[in-house]
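Survey of secondary and tertiary structure
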Amino acid sequence: MTKKIPVTVLSGYLGSGKTTMMNHVLQNEKDMRVAVIVNDMSEINIDAELIANGSGISRTEEKFVELSNGCICCTLREDLLQEVERLARLGTIDYILIESTGISEPIPVAQTFSYLDEELGIDLTKFCQLDTMVTVVDANRFWHDFQSGESLLERKEAVSELDERDVADLLIDQIEFCDVLVLNKCDLVSDEELKKLERILRALQPEAKLIRTVNGVIEPAEILNTGCFDFERVSESAGWLKELELGHENHTPETEEYGISSFIYKRRRPFHPMRFVEWCDQMPETIVRAKGIIWSAKHQDVALLLSQAGSSTKIEPVSYWVAALPKEQQQDVFLQSPEVLEDWDEEFGDRMTQLVIIGVELNKEAIIKDLDKCLLTEDEFNNSWESLQDPFNWEWH
(Lines give C-alpha, C1' and ligand atoms only; values in the text may rest on other atoms or scores of the structure.)
Protein backbone atom coordinates (compact mmCIF):
# COMPACT_ATOMS: atom_id res chain seq x y z
CA MET A 1 0.00 0.00 0.00
CA THR A 2 1.43 3.34 -1.02
CA LYS A 3 -0.19 6.17 0.89
CA LYS A 4 -1.35 5.66 4.47
CA ILE A 5 -4.94 6.57 5.24
CA PRO A 6 -5.23 9.44 7.74
CA VAL A 7 -7.49 8.89 10.78
CA THR A 8 -9.29 11.40 13.00
CA VAL A 9 -10.72 10.26 16.35
CA LEU A 10 -13.51 12.20 18.06
CA SER A 11 -13.65 11.85 21.85
CA GLY A 12 -15.86 13.64 24.35
CA TYR A 13 -18.29 12.88 27.12
CA LEU A 14 -21.84 11.72 26.42
CA GLY A 15 -23.99 14.50 25.01
CA SER A 16 -21.11 16.82 24.11
CA GLY A 17 -22.18 16.93 20.45
CA LYS A 18 -19.75 14.57 18.70
CA THR A 19 -22.39 13.03 16.45
CA THR A 20 -23.80 16.40 15.39
CA MET A 21 -20.28 17.57 14.59
CA MET A 22 -19.56 14.40 12.61
CA ASN A 23 -22.77 14.90 10.62
CA HIS A 24 -21.78 18.48 9.81
CA VAL A 25 -18.29 17.45 8.69
CA LEU A 26 -19.65 14.68 6.46
CA GLN A 27 -22.16 17.02 4.82
CA ASN A 28 -19.51 19.64 4.12
CA GLU A 29 -16.53 17.50 3.12
CA LYS A 30 -17.07 16.80 -0.58
CA ASP A 31 -13.56 16.05 -1.78
CA MET A 32 -12.84 12.80 0.06
CA ARG A 33 -14.32 9.34 0.42
CA VAL A 34 -14.66 9.06 4.19
CA ALA A 35 -15.19 5.83 6.10
CA VAL A 36 -17.05 6.43 9.34
CA ILE A 37 -16.77 4.21 12.40
CA VAL A 38 -19.26 4.95 15.16
CA ASN A 39 -18.99 3.36 18.58
CA ASP A 40 -21.96 3.50 20.93
CA MET A 41 -22.78 1.75 24.21
CA SER A 42 -26.52 1.20 23.77
CA GLU A 43 -28.38 -1.79 22.40
CA ILE A 44 -30.03 0.43 19.78
CA ASN A 45 -27.28 2.57 18.31
CA ILE A 46 -29.02 5.95 18.11
CA ASP A 47 -25.77 7.66 17.13
CA ALA A 48 -25.45 5.32 14.19
CA GLU A 49 -29.02 5.99 13.10
CA LEU A 50 -28.52 9.75 13.27
CA ILE A 51 -25.46 9.61 11.06
CA ALA A 52 -26.95 7.09 8.66
CA ASN A 53 -30.12 9.17 8.26
CA GLY A 54 -28.60 12.64 8.26
CA SER A 55 -25.25 12.57 6.54
CA GLY A 56 -26.06 11.46 3.03
CA ILE A 57 -23.50 8.70 3.23
CA SER A 58 -24.72 6.80 0.18
CA ARG A 59 -24.84 10.00 -1.88
CA THR A 60 -21.24 10.91 -1.08
CA GLU A 61 -20.08 7.29 -1.29
CA GLU A 62 -18.85 7.24 2.29
CA LYS A 63 -18.57 3.88 3.99
CA PHE A 64 -20.27 3.43 7.34
CA VAL A 65 -19.34 0.94 10.03
CA GLU A 66 -21.17 0.57 13.32
CA LEU A 67 -19.60 -0.96 16.43
CA SER A 68 -22.12 -1.60 19.21
CA ASN A 69 -22.37 -2.87 22.80
CA GLY A 70 -18.92 -1.92 23.96
CA CYS A 71 -16.21 0.67 24.06
CA ILE A 72 -13.48 1.19 21.47
CA CYS A 73 -10.80 1.53 24.14
CA CYS A 74 -11.55 -1.82 25.78
CA THR A 75 -14.13 -4.44 24.81
CA LEU A 76 -14.27 -3.52 21.13
CA ARG A 77 -10.58 -2.97 20.49
CA GLU A 78 -10.36 -6.19 18.47
CA ASP A 79 -13.37 -5.15 16.35
CA LEU A 80 -11.82 -1.75 15.75
CA LEU A 81 -8.49 -3.22 14.61
CA GLN A 82 -10.18 -5.65 12.22
CA GLU A 83 -12.61 -3.08 10.86
CA VAL A 84 -9.94 -0.46 10.19
CA GLU A 85 -7.73 -3.03 8.49
CA ARG A 86 -10.63 -4.21 6.33
CA LEU A 87 -11.51 -0.67 5.26
CA ALA A 88 -7.88 0.19 4.54
CA ARG A 89 -7.40 -2.92 2.39
CA LEU A 90 -10.39 -1.97 0.21
CA GLY A 91 -8.20 0.68 -1.35
CA THR A 92 -11.20 2.95 -2.00
CA ILE A 93 -11.06 5.05 1.17
CA ASP A 94 -9.38 8.47 1.48
CA TYR A 95 -10.03 9.05 5.17
CA ILE A 96 -11.30 7.31 8.33
CA LEU A 97 -13.32 9.23 10.90
CA ILE A 98 -13.97 7.50 14.23
CA GLU A 99 -16.44 8.62 16.87
CA SER A 100 -15.57 7.05 20.23
CA THR A 101 -18.25 6.37 22.77
CA GLY A 102 -18.72 9.11 25.37
CA ILE A 103 -17.01 7.01 28.04
CA SER A 104 -13.98 6.11 25.94
CA GLU A 105 -10.51 7.22 27.00
CA PRO A 106 -8.48 8.55 24.06
CA ILE A 107 -5.04 7.14 24.92
CA PRO A 108 -5.90 3.42 24.38
CA VAL A 109 -7.62 4.35 21.11
CA ALA A 110 -4.49 6.18 19.94
CA GLN A 111 -2.33 3.24 20.99
CA THR A 112 -4.39 0.96 18.75
CA PHE A 113 -2.94 2.84 15.77
CA SER A 114 0.61 2.92 17.12
CA TYR A 115 1.90 -0.66 17.25
CA LEU A 116 1.51 -4.23 16.02
CA ASP A 117 -1.16 -6.30 17.76
CA GLU A 118 0.72 -9.60 17.99
CA GLU A 119 -2.32 -11.63 19.04
CA LEU A 120 -4.33 -10.63 15.96
CA GLY A 121 -1.32 -10.09 13.73
CA ILE A 122 -2.64 -6.67 12.70
CA ASP A 123 -0.33 -3.69 12.35
CA LEU A 124 -2.40 -0.59 11.55
CA THR A 125 0.76 1.51 11.17
CA LYS A 126 1.16 -0.15 7.74
CA PHE A 127 -2.20 1.15 6.54
CA CYS A 128 -3.08 4.20 8.61
CA GLN A 129 -1.66 7.36 10.08
CA LEU A 130 -3.35 8.84 13.15
CA ASP A 131 -3.88 12.44 12.03
CA THR A 132 -5.88 14.24 14.72
CA MET A 133 -7.23 13.49 18.20
CA VAL A 134 -10.25 15.71 18.82
CA THR A 135 -12.01 16.19 22.16
CA VAL A 136 -15.44 17.83 22.26
CA VAL A 137 -16.45 19.58 25.50
CA ASP A 138 -20.03 20.60 26.34
CA ALA A 139 -19.69 24.22 27.47
CA ASN A 140 -23.13 24.13 29.08
CA ARG A 141 -22.70 20.88 31.05
CA PHE A 142 -18.99 20.81 31.84
CA TRP A 143 -19.10 22.17 35.40
CA HIS A 144 -22.22 20.17 36.24
CA ASP A 145 -20.56 16.92 35.18
CA PHE A 146 -17.11 17.77 36.51
CA GLN A 147 -18.35 18.71 39.97
CA SER A 148 -21.03 16.01 40.23
CA GLY A 149 -18.87 13.60 42.24
CA GLU A 150 -20.61 10.76 40.41
CA SER A 151 -19.12 7.60 38.97
CA LEU A 152 -20.00 6.12 35.59
CA LEU A 153 -21.52 3.20 37.49
CA GLU A 154 -23.85 5.53 39.41
CA ARG A 155 -24.93 7.08 36.13
CA LYS A 156 -25.45 3.62 34.60
CA GLU A 157 -22.86 4.46 31.94
CA ALA A 158 -20.11 2.06 33.01
CA VAL A 159 -18.72 -0.68 30.76
CA SER A 160 -19.28 -3.23 33.54
CA GLU A 161 -19.77 -3.55 37.28
CA LEU A 162 -15.97 -3.43 37.60
CA ASP A 163 -15.74 -0.02 35.90
CA GLU A 164 -14.98 2.28 38.84
CA ARG A 165 -14.12 5.44 36.89
CA ASP A 166 -15.45 8.81 38.00
CA VAL A 167 -17.00 11.22 35.51
CA ALA A 168 -14.49 13.95 36.42
CA ASP A 169 -11.54 11.61 35.77
CA LEU A 170 -12.89 10.73 32.35
CA LEU A 171 -13.43 14.39 31.41
CA ILE A 172 -9.85 15.20 32.38
CA ASP A 173 -8.45 12.20 30.48
CA GLN A 174 -10.25 13.36 27.35
CA ILE A 175 -9.14 16.99 27.71
CA GLU A 176 -5.50 16.27 28.52
CA PHE A 177 -4.92 14.03 25.48
CA CYS A 178 -5.87 15.80 22.26
CA ASP A 179 -4.63 17.98 19.42
CA VAL A 180 -7.87 19.91 18.95
CA LEU A 181 -10.18 20.90 21.81
CA VAL A 182 -13.66 21.86 20.64
CA LEU A 183 -15.81 23.86 23.04
CA ASN A 184 -19.32 23.14 21.80
CA LYS A 185 -22.78 24.57 22.66
CA CYS A 186 -21.24 27.99 23.28
CA ASP A 187 -24.59 29.66 22.60
CA LEU A 188 -25.95 28.21 25.85
CA VAL A 189 -23.38 29.93 28.08
CA SER A 190 -22.76 33.61 28.84
CA ASP A 191 -19.67 35.18 27.31
CA GLU A 192 -18.17 35.68 30.76
CA GLU A 193 -18.66 32.03 31.75
CA LEU A 194 -17.32 30.93 28.38
CA LYS A 195 -14.12 32.91 28.83
CA LYS A 196 -13.66 31.48 32.32
CA LEU A 197 -14.15 27.92 31.04
CA GLU A 198 -11.69 28.55 28.22
CA ARG A 199 -9.07 29.69 30.76
CA ILE A 200 -9.56 26.49 32.75
CA LEU A 201 -9.33 24.32 29.63
CA ARG A 202 -6.17 26.20 28.64
CA ALA A 203 -4.67 25.53 32.09
CA LEU A 204 -5.54 21.83 31.80
CA GLN A 205 -4.48 21.54 28.15
CA PRO A 206 -2.22 24.41 27.00
CA GLU A 207 -1.05 22.79 23.75
CA ALA A 208 -4.21 21.84 21.83
CA LYS A 209 -5.90 24.16 19.37
CA LEU A 210 -9.08 25.49 21.04
CA ILE A 211 -12.13 26.10 18.86
CA ARG A 212 -15.57 27.42 19.88
CA THR A 213 -18.58 25.93 18.13
CA VAL A 214 -22.37 26.11 18.18
CA ASN A 215 -24.34 22.99 17.16
CA GLY A 216 -21.09 21.29 16.19
CA VAL A 217 -20.58 23.55 13.18
CA ILE A 218 -16.88 23.39 12.34
CA GLU A 219 -14.76 23.67 9.23
CA PRO A 220 -13.79 20.11 8.20
CA ALA A 221 -10.19 21.28 7.69
CA GLU A 222 -9.96 22.00 11.42
CA ILE A 223 -10.14 18.29 12.25
CA LEU A 224 -9.31 16.47 9.00
CA ASN A 225 -5.86 16.25 7.43
CA THR A 226 -4.33 18.56 10.04
CA GLY A 227 -1.15 16.48 10.39
CA CYS A 228 -1.16 17.46 14.08
CA PHE A 229 -0.87 14.18 15.90
CA ASP A 230 2.37 13.15 17.53
CA PHE A 231 1.95 10.56 20.30
CA GLU A 232 4.88 11.70 22.42
CA ARG A 233 4.04 15.39 22.13
CA VAL A 234 0.36 14.87 22.96
CA SER A 235 1.27 12.57 25.87
CA GLU A 236 3.27 15.45 27.36
CA SER A 237 0.79 18.23 26.60
CA ALA A 238 -1.22 18.18 29.86
CA GLY A 239 -1.09 21.39 31.86
CA TRP A 240 0.26 19.78 35.02
CA LEU A 241 3.21 18.30 33.10
CA LYS A 242 3.94 21.62 31.40
CA GLU A 243 3.95 23.28 34.80
CA LEU A 244 6.52 20.81 36.14
CA GLU A 245 8.70 21.40 33.08
CA LEU A 246 8.93 25.08 33.99
CA GLY A 247 11.08 24.17 36.93
CA HIS A 248 11.03 24.72 40.64
CA GLU A 249 8.76 25.66 43.52
CA ASN A 250 9.53 29.36 43.16
CA HIS A 251 7.93 29.49 39.75
CA THR A 252 4.79 31.60 40.04
CA PRO A 253 2.89 32.20 36.82
CA GLU A 254 1.18 35.56 36.45
CA THR A 255 -2.32 35.54 37.88
CA GLU A 256 -4.58 35.11 34.90
CA GLU A 257 -7.89 36.70 34.23
CA TYR A 258 -10.86 35.15 36.04
CA GLY A 259 -8.65 34.12 38.95
CA ILE A 260 -7.32 30.97 37.29
CA SER A 261 -3.79 30.10 38.39
CA SER A 262 -1.45 27.23 39.14
CA PHE A 263 1.61 26.53 41.23
CA ILE A 264 4.03 23.77 42.20
CA TYR A 265 4.31 22.45 45.74
CA LYS A 266 7.74 20.86 46.20
CA ARG A 267 9.19 19.49 49.43
CA ARG A 268 12.09 17.26 50.48
CA ARG A 269 10.38 16.07 53.65
CA PRO A 270 7.88 13.16 53.48
CA PHE A 271 4.20 13.38 54.27
CA HIS A 272 2.66 11.76 57.32
CA PRO A 273 0.42 9.33 55.35
CA MET A 274 -2.70 9.70 57.49
CA ARG A 275 -2.58 13.49 57.66
CA PHE A 276 -2.01 13.74 53.92
CA VAL A 277 -4.95 11.44 53.13
CA GLU A 278 -7.14 13.54 55.44
CA TRP A 279 -6.10 16.66 53.51
CA CYS A 280 -6.95 14.94 50.23
CA ASP A 281 -10.39 14.03 51.59
CA GLN A 282 -11.04 17.70 52.42
CA MET A 283 -9.27 19.31 49.48
CA PRO A 284 -10.47 22.88 48.81
CA GLU A 285 -13.18 23.07 46.14
CA THR A 286 -11.20 25.82 44.42
CA ILE A 287 -8.72 23.15 43.24
CA VAL A 288 -9.78 21.90 39.80
CA ARG A 289 -6.76 19.67 39.14
CA ALA A 290 -3.95 18.39 41.35
CA LYS A 291 -1.46 15.86 40.11
CA GLY A 292 2.07 14.84 40.94
CA ILE A 293 4.52 12.56 42.71
CA ILE A 294 4.17 12.14 46.47
CA TRP A 295 6.73 11.03 49.07
CA SER A 296 5.01 9.20 51.92
CA ALA A 297 7.00 8.34 55.05
CA LYS A 298 5.31 4.94 55.17
CA HIS A 299 6.38 4.07 51.63
CA GLN A 300 10.12 4.53 51.47
CA ASP A 301 10.63 2.34 48.40
CA VAL A 302 7.74 3.51 46.27
CA ALA A 303 6.75 6.87 44.79
CA LEU A 304 3.02 7.57 44.95
CA LEU A 305 0.98 9.31 42.27
CA LEU A 306 -1.75 11.71 43.37
CA SER A 307 -4.36 12.40 40.70
CA GLN A 308 -7.31 14.63 41.53
CA ALA A 309 -10.07 15.94 39.28
CA GLY A 310 -13.01 17.70 40.90
CA SER A 311 -14.21 15.59 43.80
CA SER A 312 -12.39 12.48 42.55
CA THR A 313 -9.00 11.81 44.20
CA LYS A 314 -6.77 8.77 43.72
CA ILE A 315 -3.44 7.89 45.32
CA GLU A 316 -1.58 4.87 44.01
CA PRO A 317 1.99 3.52 43.72
CA VAL A 318 3.57 4.51 40.42
CA SER A 319 7.24 3.43 40.49
CA TYR A 320 10.18 2.63 42.74
CA TRP A 321 12.29 5.52 43.92
CA VAL A 322 15.66 5.29 42.18
CA ALA A 323 17.24 5.63 45.63
CA ALA A 324 15.49 2.40 46.68
CA LEU A 325 17.02 0.36 43.84
CA PRO A 326 20.19 -1.73 44.16
CA LYS A 327 23.35 0.25 43.35
CA GLU A 328 23.83 -1.53 40.03
CA GLN A 329 20.34 -0.63 38.84
CA GLN A 330 20.83 2.93 40.06
CA GLN A 331 23.89 3.28 37.85
CA ASP A 332 21.89 2.04 34.86
CA VAL A 333 19.24 4.70 35.54
CA PHE A 334 21.89 7.43 35.85
CA LEU A 335 23.35 6.42 32.48
CA GLN A 336 19.97 6.39 30.75
CA SER A 337 18.52 9.43 32.55
CA PRO A 338 21.36 11.64 33.81
CA GLU A 339 18.87 14.40 34.69
CA VAL A 340 17.92 12.35 37.78
CA LEU A 341 21.23 13.40 39.33
CA GLU A 342 20.47 17.10 38.88
CA ASP A 343 18.04 17.02 41.79
CA TRP A 344 19.66 14.21 43.80
CA ASP A 345 19.80 14.53 47.58
CA GLU A 346 22.81 13.01 49.36
CA GLU A 347 20.67 11.35 52.03
CA PHE A 348 17.32 10.68 50.35
CA GLY A 349 18.22 10.52 46.66
CA ASP A 350 15.28 11.31 44.38
CA ARG A 351 12.64 11.09 47.11
CA MET A 352 10.56 14.26 47.15
CA THR A 353 7.06 15.61 46.59
CA GLN A 354 6.31 17.54 43.41
CA LEU A 355 2.65 18.43 43.14
CA VAL A 356 1.02 20.72 40.57
CA ILE A 357 -2.16 22.50 41.65
CA ILE A 358 -4.49 24.21 39.16
CA GLY A 359 -7.62 26.03 40.22
CA VAL A 360 -9.90 29.05 40.42
CA GLU A 361 -9.36 31.74 43.09
CA LEU A 362 -6.72 29.59 44.77
CA ASN A 363 -5.53 30.67 48.21
CA LYS A 364 -1.98 29.54 47.50
CA GLU A 365 -0.56 30.48 50.91
CA ALA A 366 -3.33 28.65 52.80
CA ILE A 367 -2.97 25.53 50.65
CA ILE A 368 0.80 25.47 51.14
CA LYS A 369 0.38 25.98 54.88
CA ASP A 370 -2.10 23.10 55.12
CA LEU A 371 0.12 20.81 53.05
CA ASP A 372 3.12 21.69 55.22
CA LYS A 373 1.11 20.58 58.26
CA CYS A 374 0.85 17.16 56.62
CA LEU A 375 4.65 16.76 56.54
CA LEU A 376 6.43 14.88 59.30
CA THR A 377 7.15 17.07 62.30
CA GLU A 378 10.71 17.34 63.57
CA ASP A 379 10.02 14.72 66.27
CA GLU A 380 8.31 12.36 63.79
CA PHE A 381 11.15 12.83 61.32
CA ASN A 382 13.79 11.90 63.90
CA ASN A 383 11.92 8.86 65.24
CA SER A 384 11.05 5.56 63.58
CA TRP A 385 8.67 5.85 60.65
CA GLU A 386 7.76 2.16 60.80
CA SER A 387 5.14 2.75 63.48
CA LEU A 388 3.18 5.18 61.30
CA GLN A 389 -0.28 4.00 60.36
CA ASP A 390 -0.71 3.03 56.71
CA PRO A 391 -4.02 4.21 55.16
CA PHE A 392 -3.47 1.99 52.10
CA ASN A 393 -3.49 -1.76 51.54
CA TRP A 394 -1.49 -2.10 48.34
CA GLU A 395 0.62 -5.04 47.39
CA TRP A 396 3.42 -3.49 45.37
CA HIS A 397 5.92 -5.76 43.60
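The structure this text deals with has already been given above.
A short tour of the structure in this document, coming up. (Residues numbered from 1 in each chain as written. Predicted model: local features only at pLDDT ≥ 70, side-chain atom pairs only at ≥ 80, totals over all residues. Heavy atoms only, no water.)

In this section: the nonpolar core. F142, F146 and L183 are the most contacted members of the largest nonpolar core, which has 37 residues in total. Those elements that place two or more of their residues in this core are α5 (142–146), α6 (167–176), β6 (180–184), α7 (191–204), β8 (260–267) and β12 (353–360). Once residues within four sequence positions are removed from consideration, F142 is found in contact with V137, L171, I175 and L197. Core analysis: the next-biggest nonpolar cluster, separate from the first, contains 25 residues, V9, L80, F127 and M133 among them. (Core = buried A, V, L, I, M, F, W, Y, C linked by side-chain atoms within 4.5 Å. Buried < 20%, exposed > 50% of the residue type's maximum accessible area, 1.4 Å probe, protein only. Helix = DSSP H or I, 4+ residues; strand = E, 2+ residues; numbered from the N terminus. Contact = heavy atoms within 4.5 Å.)

Looking now at unusual backbone geometry. Despite not being glycine, K156 shows a phi value in the positive range, around 60°. Examined against the element boundaries, K156 turns out to sit in the loop between α5 and α6. Phi at K185 is positive, roughly 60°, even though this residue is not glycine. With respect to the element layout, K185 can be found in the loop between β6 and α7.

A word on helix α1 (residues 18–28). Residues that lie three or four places apart on an α-helix share one face, since the helix turns once every 3.6 residues. In terms of burial, α1 is largely enclosed, as 8 of its 11 residues are buried. Of all the residues in α1, the buried ones are K18, T19, M21, M22, N23, H24, V25 and L26.

This brings us to the sheet that holds strand β10 (residues 302–309). What holds strands together in a sheet is hydrogen bonding between their backbones, with the strands either parallel or antiparallel. In space, the 5 strands of this open sheet follow the order β8-β12-β9-β10-β11, with antiparallel pairing throughout. Two strands lie at the open edges of the sheet, namely β8 and β11 (312–320), each paired on one side alone. Taking each pair of neighbouring strands and ignoring which way they run, the sheet shows an average axis angle of 15°. Where strand β9 (residues 287–294) meets β12, 6 bridges bridge the pair, whose relative direction is antiparallel. From the neighbouring strand, G292 faces β12, where its bridge partner is L355. Each of β9, β10 and β11 is contacted by helix α10 (residues 273–281), which is oriented at about 140° to β11, the strand it contacts most. (Pairing = 2+ DSSP bridges. Axes fitted to C-alpha atoms, helices over the stretch in contact; angles between N-to-C directions.)

With that settled, the discussion passes to the environment of V182. Among the structural elements, V182 can be located in strand β6. With a relative accessible area of 0%, V182 lands in the buried category. The residues contacting V182, other than those within four sequence positions of it, are M21, V134, T135, V136, V137, I211, T213 and I218.

Once that is clear, we can look at the pairing of β9. For β9, the tally of buried residues reaches 7 of 8 residues, placing the bulk of the element in the interior. Here 6 bridges tie β9 to β10, and the two strands are oriented antiparallel to one another. Residue A290 lies in a different strand from β10, and its bridge partner there is Q308.

A separate point is the pattern of salt bridges. Side chains that differ in sign of charge can pair as their charged atoms come close. Tallying each qualifying case throughout the model produces 21 salt bridges. Linking E83 and R86 is a salt bridge whose minimum nitrogen-to-oxygen distance equals 2.6 Å. Of this pair, E83 and R86 are both found in helix α3 (residues 77–90), 3 residues apart, which corresponds to roughly one turn of the helix. Note on E83: relative accessible area 18%, which makes it buried. For D145, the salt bridge goes to R141, with nearest N and O atoms at 3.2 Å. On the basis of relative accessibility, which here comes to 5%, the residue D145 falls in the buried class. (Salt bridge = Lys/Arg side-chain N within 4 Å of Asp/Glu carboxyl O.)

This next bit is on the side chain of D138. The topology assignment puts D138 in strand β5 (residues 128–138). A relative accessible area of 9% means that D138 is categorised as buried. Among the polar contacts made by the side chain of D138, one reaches the main-chain amide nitrogen of N140 at a distance of 2.9 Å. Only 3.2 Å separates the side chain of D138 from the side chain of K185, close enough to count as a polar contact. The residues touching D138, leaving out its near neighbours within four places in the chain, are G15, S16, N184 and K185. (Polar contact = N/O pair within 3.5 Å; in protein donor to acceptor, adjacent residues only side chain to side chain.)

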